[in-house]
Amino acid sequence: MPKTPAVSEVDDWRAALAKAGELRPAIVTAILEVHDDRGGKAIDAVSEQRVKQYRDFTVVVGYESEYVVEDGGCTCKDSQYNLADDDPDEKCWHALAVEIAERIDAVDHHDMWYSDVRDFV
């Protein structure tokens, strides 16, 4: 299990990303250092435009399903079973992808309700 990063490390990449407005090599390195494989999967999801904002939810298209991310939490099994409830900076890659995409304006917006779309998926 990766070590829990200091809060300042997490805040640093978030602040740097919000300021830069794009994924730069130093920021990517910082995300990977803090979040390991989860950070890499999140970056991949953002670059592949798999972060979708609907009227009711933000959804990340995963490898096997779609996951609803709301208020920093996610519906995936990683969030439910593997992450410490008392560490708000420890997140699954879906939640990280939303944080990254929001900071670089890479969220794919859909003017429809996910609850309606979900029936077709």
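Conventions adopted
- Residues numbered from 1 in each chain as written.
- Predicted model: local features only at pLDDT ≥ 70, side-chain atom pairs only at ≥ 80, totals over all residues.
- Heavy atoms only, no water.
- Helix = DSSP H or I, 4+ residues; strand = E, 2+ residues; numbered from the N terminus.
- Contact = heavy atoms within 4.5 Å.
- Areas by Shrake-Rupley, 256 points an atom, 1.4 Å probe, with all protein chains shown as cover.
- Phe/Tyr/Trp six-rings, centres within 6.5 Å; stacked < 30°, edge-to-face > 60°.
- Buried < 20%, exposed > 50% of the residue type's maximum accessible area, 1.4 Å probe, protein only.
- Core = buried A, V, L, I, M, F, W, Y, C linked by side-chain atoms within 4.5 Å.
- Salt bridge = Lys/Arg side-chain N within 4 Å of Asp/Glu carboxyl O.

Would you take a moment to explain the overall build of the protein chain for this structure?
Counting its secondary structure elements, the protein chain contains five helices and five strands. In sequence order, the protein chain lays out its α and β elements as α-α-β-β-β-β-α-α-β-α. Within the protein chain, counting contacts between residues at least 6 apart in sequence, those at least 24 apart form 59% of the total. With an accessible surface of roughly 7200 Å², the protein chain has 48% of that area assigned to carbon and sulfur atoms.

What is the right way to read the environment of Lys19 from this model?
Secondary-structure assignment places Lys19 in helix α1 (residues 7-20). C-alpha of Lys19 to C-alpha of Ile104: the two residues are 85 residues apart in sequence and 9.1 Å apart in space.

I tried to follow the packing of aromatic side chains on my own but got confused; where do I start?
Aromatic ring pairs are described here by two measures, namely the spacing of the ring centres and the angle between the planes. Under the criterion given, the structure shown has two aromatic pairs. Measuring from ring centre to ring centre gives 5.1 Å for Tyr54 and Tyr114, while their planes differ by 45°; the resulting arrangement is tilted. Here Tyr54, found in the loop between β1 (51-53) and β2 (58-61), pairs with Tyr114, found in helix α5 (residues 114-117); they are 60 residues apart in sequence, far enough to count as distant. Of the two residues, Tyr54 and Tyr114, both sit in the buried class. Their ring planes at 45° and their centres at 5.3 Å tell us that Tyr63 and Trp93 sit as a pair that is tilted. Within this pair, whereas Tyr63 is found in the loop between β2 and β3 (66-70), its partner Trp93 is found in helix α4 (residues 93-103), the two being separated by 30 residues in sequence. For Tyr63, a relative accessible area of 55% corresponds to the exposed category.

Looking at this structure, I do not really get the nonpolar core. What am I missing?
Across soluble globular proteins, nonpolar side chains show a tendency to be buried alongside one another. Counting residues in each nonpolar core, the largest one holds 26 residues, and the members touching the most others are Trp13, Val46, Val51, Val60, Ala97 and Ile100. Mapped onto this core, the elements with two or more residues apiece are α1, α2 (25-47), β3 and α4. In this structure Val46 touches Val51, Ala97, Ile100, Ala101, Ile104 and Ala106, once residues within four positions along its chain are discounted. Membership of the second largest hydrophobic core comes to five residues, among which are Tyr54, Val59, Tyr114 and Val117.

In this structure, what is going on with the pattern of salt bridges? I would like to understand it.
Pairing is possible between side chains that carry opposite charge, provided their charged atoms lie close to one another. Inspection of every chain in the model, using the stated rule, returns seven salt bridges. Across the pair Arg38 and Asp78 runs a salt bridge, and its minimum N-O distance is 2.8 Å. One end of the pair, Arg38, is in helix α2; the other, Asp78, is in helix α3 (residues 77-82), with 40 residues separating them in the sequence. Asp78 sits in the buried class, given a relative accessible area of 17%.

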